[in-house]
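Each chain, written out:
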Amino acid sequence: MVFEGLDTYADIFLNGALLQRTDNMFVGYRIPVKRNLRKGENKLLVRFRSPIREVMPQWETNGFDYPAANDHYPQKLSVFTRKAPYSYGWDWGIRMVTCGIWRPVYLEFTNKAVVEDYFVHQKSVTSERAEIDNRLEVNNITGTVQEAQIKVTCAYRNEQAGSVEKTVRLQPGVNNLSLPLSIDSPHLWMPNGWGEAALYAFEVSVCVDGKLVAKKQHQIGLRTVRVVHEKDSLGMSFYFEVNGIPMFAKGTNLIPSDALLPRVTRERYVRLLDDVQAAHMNMIRVWGGGIYEDDAFFEEADKRGILVWQDFMFACTPYPHDPAFLKRVSEEAVYNIKRLRNHASLAMWCGNNEIYEGLRYWGWKKKYAPEIYQQMLDGYDVLFRRLLPEKVKEFDPGRFYLEGSPYEANWGRPESWKIGDSHNWGTWYGQKPFETLDTEIPRFMSEFGFQSFPEMKTIRTFASPADYDLESAVMNAHQKSTIGNFLIKKTMGIYYHVPEKFEDLVYMGLVLQGHGMRHGMEAHRRNRPYCMGSLLWQLNDSWPVVSWSGIDYYGNWKAMHYQTRRAFAPVLIDAIREGDKLRYYVLSDVLKSEKAILQIELMDFNGKVYRRHQVEGTLPANASAVFYEEDWNKAFAACDTTTSFIHMTLRSDVDRRVLSDEVYYPVFAKKQHLPHPEISCKIRKKDGAYELTLKSKQLARDVFVEISVQGVRFSDNFFDLLPGVPKKILVTSADGTPLEDISVSLHQLSDIVSF
């Protein structure tokens, strides 16, 4: 009988027999039950115990509270239990300390032998040849020696690519076998944006007496992933090299998709990974305060070429390191390493989130007695420098392990930014403007973020009009950051006039988050190869809440996700003022260079063109470079910067296709004299969807097309409508079913505030 996930403390009874006592949410159990089963009716009982009451004696005898600030309870109990930390509360999460069956339970029937584990170990992979070691654990359950034929086959798109057979004598119990296999001219698995995420179907079969008794299958992507984390003349690098090519990581941080985990279906994973792929991302960091995601998540990431940075589930506090706790962690590590190691998407393992940073910089040394603080340091060393890396080395050889994230850097200490990955919270806890991201450049940004409210249709799911106030009890219950509402308004005041009406404030906050976060993404891309990654905090929500997410609980894209798609485009023209120069950078992730032409138009908000010229150059391959620069004063000579902008179009010189189309504003929106144009909107029903055609005679900034249907998909939103240029928007349902009649509301920046 297989129990893939029990949360957390449980006793399993079958027909009066105690089969198992469980104490780890992150471990699955395979329990032999043949001798316990009866003909006819069988009774299975899983009795769960409270995770709060279970560890209260441990807390009472511990003598101190761990600094688990995100555990929203007077007694900090979460550290004692191997259970999803976020369920105890977080600064974006509801406290919901669950218990129950959270993953499937089923009977598995076997005859003579079963393949308990199948590891497709990629010893070496090049475009010429892949050397594979098929490592098997085959359990002979008969109690006697069995002669068996073991066969491994692999196929690409239903065409056989290789096979190997071996006759073996299976001893009673578990047999460890190895079947080497070579594949010539393999189709390499490539990250999103670089080509096909090619997958091979590998299958192992076990035959005894000419009859098939067991088999196991995997979808395998053949590739190499190397994390380059080395000292250099500038500090210490951190970047991913895929199939020998340095890759700029464009991605995000994932939290669990629901406070009630059984609600998370494959369909929700498909939609979320579709959204990640659509935003040109190539990486997701599975953050260490949540869960080891379901196989379905990794399978969908495999299909889309999305690399996964996988944290072990430890975050933001020291943990115990007594023998019983270490035994649980060891079992958890082995179970999940073996479960996930075959996935092409799995790029690396990381021991924890922010614990070493906390030990050094969060005041714990002053708060605790020296012997307790030393105990915390010792526990860190045992868990993250010994136990976990040893398990990775043993069960997933060759995969990179990082003891913790960030490795060394701290956002308040500039000298540390040159070392490894960084979590920069300067624009949040440091209350800095977004422009500081232009100069606070890390080697790899693994976290940075800014909050927004979800849009109004999501707010209406938990609030009535009487609650539409930042400081209402309902809004405060859905804002878990202590400085959240204050900081949103403070930062908004730098760039925009702060509206008083609640609905307008929500819209403006979405716009603010989107532009601010995009500013950081583009800064990171401009500064490659010094900086080689930009991972947003955060992708998603676990309930309807004010948070740092780019997609809300109901699947609605916030402005940030649309801006992410623009900032992470394969080719982007990006203008920025640097000193007295206006520089036009081309940020490129494409692997081939080509000749390109940049057209630059200086125009006003009414569409009048003051100046138009073209520049010829070369699109860089997998790099960022200045394509053109000009004097700032010359760029805006004889025009009012409060009523003008630059329109940039980068085209291929070969076939004239548009590579990038962007605008640049010389002043903040707060200083602009925006017009109040009327936006025409033609609506046409089209194959169960709707096509909207929008047009304006004058510039309309940050146009938000609002439809009350939850999760509805837009081909684009939160965009600038240029004077006289029509824009078509396709609107589809969340699940692909035909949309009924829709009501469309349009919002633009100049409608919200009178400038």
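In the block above lies the structure referred to throughout.
Residues numbered from 1 in each chain as written. Predicted model: local features only at pLDDT ≥ 70, side-chain atom pairs only at ≥ 80, totals over all residues. Heavy atoms only, no water.

## Regarding the pattern of salt bridges
A complete count under the given rule lists 60 salt bridges for this structure. Arg 266 serves as the salt-bridge partner of Glu 300, at 2.7 Å between the closest nitrogen and oxygen. With Glu 300 in helix H3 (residues 295-304) and Arg 266 in helix H2 (residues 266-278), this pair connects stretches of sequence that are 34 residues apart. Given the relative accessible area of 35%, Arg 266 is considered partly exposed. Among the ionic pairs, Glu 522 bridges to Arg 518, the shortest N-O distance being 2.6 Å. Pair noted here: Glu 522 and Arg 518 are both in helix H11 (residues 502-526), with a separation of four residues, about one helical turn. (Salt bridge = Lys/Arg side-chain N within 4 Å of Asp/Glu carboxyl O. Helix = DSSP H or I, 4+ residues; strand = E, 2+ residues; numbered from the N terminus. Buried < 20%, exposed > 50% of the residue type's maximum accessible area, 1.4 Å probe, protein only.)

## Details of the side chain of Asn 70
Residue placement: Asn 70 occurs in the loop between helix H1 (51-62) and strand E7 (100-101). Given a relative accessible area of 16%, Asn 70 falls into the buried group. With residues near it in sequence (within four places) discarded, Asn 70 still touches Tyr 88, Gly 89, Trp 90, Asp 91 and Cys 316. (Contact = heavy atoms within 4.5 Å.)

## Quick notes on the pairing of strand E12 (residues 159-170)
Looking along a regular strand, one sees the side chains alternate between the two faces of the sheet. Here 11 bridges tie strand E11 (residues 146-156) to E12, and the two strands are oriented antiparallel to one another. Among the inter-strand pairings, Lys 151 is bridged to a residue of E12, identified as Glu 165. Counted between consecutive antiparallel strands, the loop separating E11 from E12 contains two residues, among which Arg 157 sits at a positive phi close to 50 degrees. (Pairing = 2+ DSSP bridges.)

## Side note on the packing of H11 against helix H12 (residues 559-567)
Where H11 contacts H12, the axes come no closer than 8 Å and their chain directions differ by 25 degrees. Between H11 and H12, the angle falls in the class roughly parallel. Crossing of H11 over H12 shows right-handed handedness. For the pair H11 and H12, the contacting residues are Leu 510, Val 511, Gln 513, Gly 514, His 515, Met 517, Arg 518, Met 521, Glu 522 and Arg 525 in the first and Ala 559, Met 560, Gln 563, Thr 564, Arg 566 and Ala 567 in the second. Residue classes in the contact of H11 with H12 are distributed as seven nonpolar, five polar and four charged. (Axes fitted to C-alpha atoms, helices over the stretch in contact; angles between N-to-C directions. Parallel < 35°, antiparallel > 145°, perpendicular 65-115°, else oblique. Left-handed = near helix turned anticlockwise from the far one by under 90°. Nonpolar A, V, L, I, M, F, W, Y, C, P; charged D, E, K, R; others polar.)

## Digging into a nonpolar patch on the surface
A cluster of nonpolar side chains, Leu 37, Leu 107 and Phe 109, forms an exposed patch at the surface whose accessible area comes to about 320 Å². Assignment of secondary structure puts Leu 37 in the loop between strand E5 (29-30) and strand E6 (44-49). (Patch = residues over 30% accessible without salt bridge, like charges linked within 9 Å, V, L, I, M, F, W, Y side chains within 5 Å. Areas by Shrake-Rupley, 256 points an atom, 1.4 Å probe, with all protein chains shown as cover.)

## Some details on unusual backbone geometry
Residue Thr 8 is reached from Asp 7 by a cis peptide bond, and omega for that bond is -10 degrees. Locating Thr 8 in the fold gives a position in the loop between strand E2 (6-7) and strand E3 (9-14). Cis geometry marks the peptide bond from Ser 405 to Pro 406; its omega dihedral reads 0 degrees. Looking at the element boundaries, Pro 406 is found in the loop between strand E25 (400-402) and strand E26 (421-423). With a phi close to 50 degrees, Asn 15 is a non-glycine residue in the positive phi region. Its place among the elements puts Asn 15 in the loop between E3 and strand E4 (17-23). Within the chain, Ser 185 stands out as a residue other than glycine whose phi angle is a positive 45 degrees. Judged by relative accessible area, which is 52%, Ser 185 ranks as exposed.

## So, helix H7 (residues 370-395)
Along its 26 residues, H7 runs 36 Å from first to last C-alpha, staying within 8% of the 38 Å computed at 1.5 Å per residue. At Leu 383, H7 shows its maximal kink, close to 25 degrees. (Expected span 1.5 Å × (residues − 1). Bend = angle between axes of the 7 residues up to and from the residue.)

## With respect to the nonpolar core
One recurring pattern in soluble globular proteins: nonpolar side chains tend to sit buried together. Ranked by size, the top nonpolar core spans 140 residues in total, and within it Phe 312 and Ile 459 carry the most contacts. When residues of this core are assigned to their parent elements, the largest contribution, 11 residues, is made by H7. Judged by nonpolar contacts, the second largest core, of 55 residues, contains Val 164, Leu 181, Ile 220 and Leu 402. (Core = buried A, V, L, I, M, F, W, Y, C linked by side-chain atoms within 4.5 Å.)

## So, the sheet that holds strand E29 (residues 571-578)
Pairing within the open sheet is antiparallel, and its three strands lie in the order E29-E30-E33. Here the strands that pair on one side only, and so sit at the sheet edges, are E29 and strand E33 (623-631). Put simply, the sheet's adjacent strands are angled 25 degrees from each other on average, direction ignored. Bridging between strand E30 (residues 581-588) and E33 involves eight bridges; their strand directions are antiparallel. Residue Tyr 585 lies in a different strand from E33, and its bridge partner there is Val 626. The sheet strands contacting H11 are E29, E30 and E33, and the helix crosses E29 at an angle near 95 degrees.

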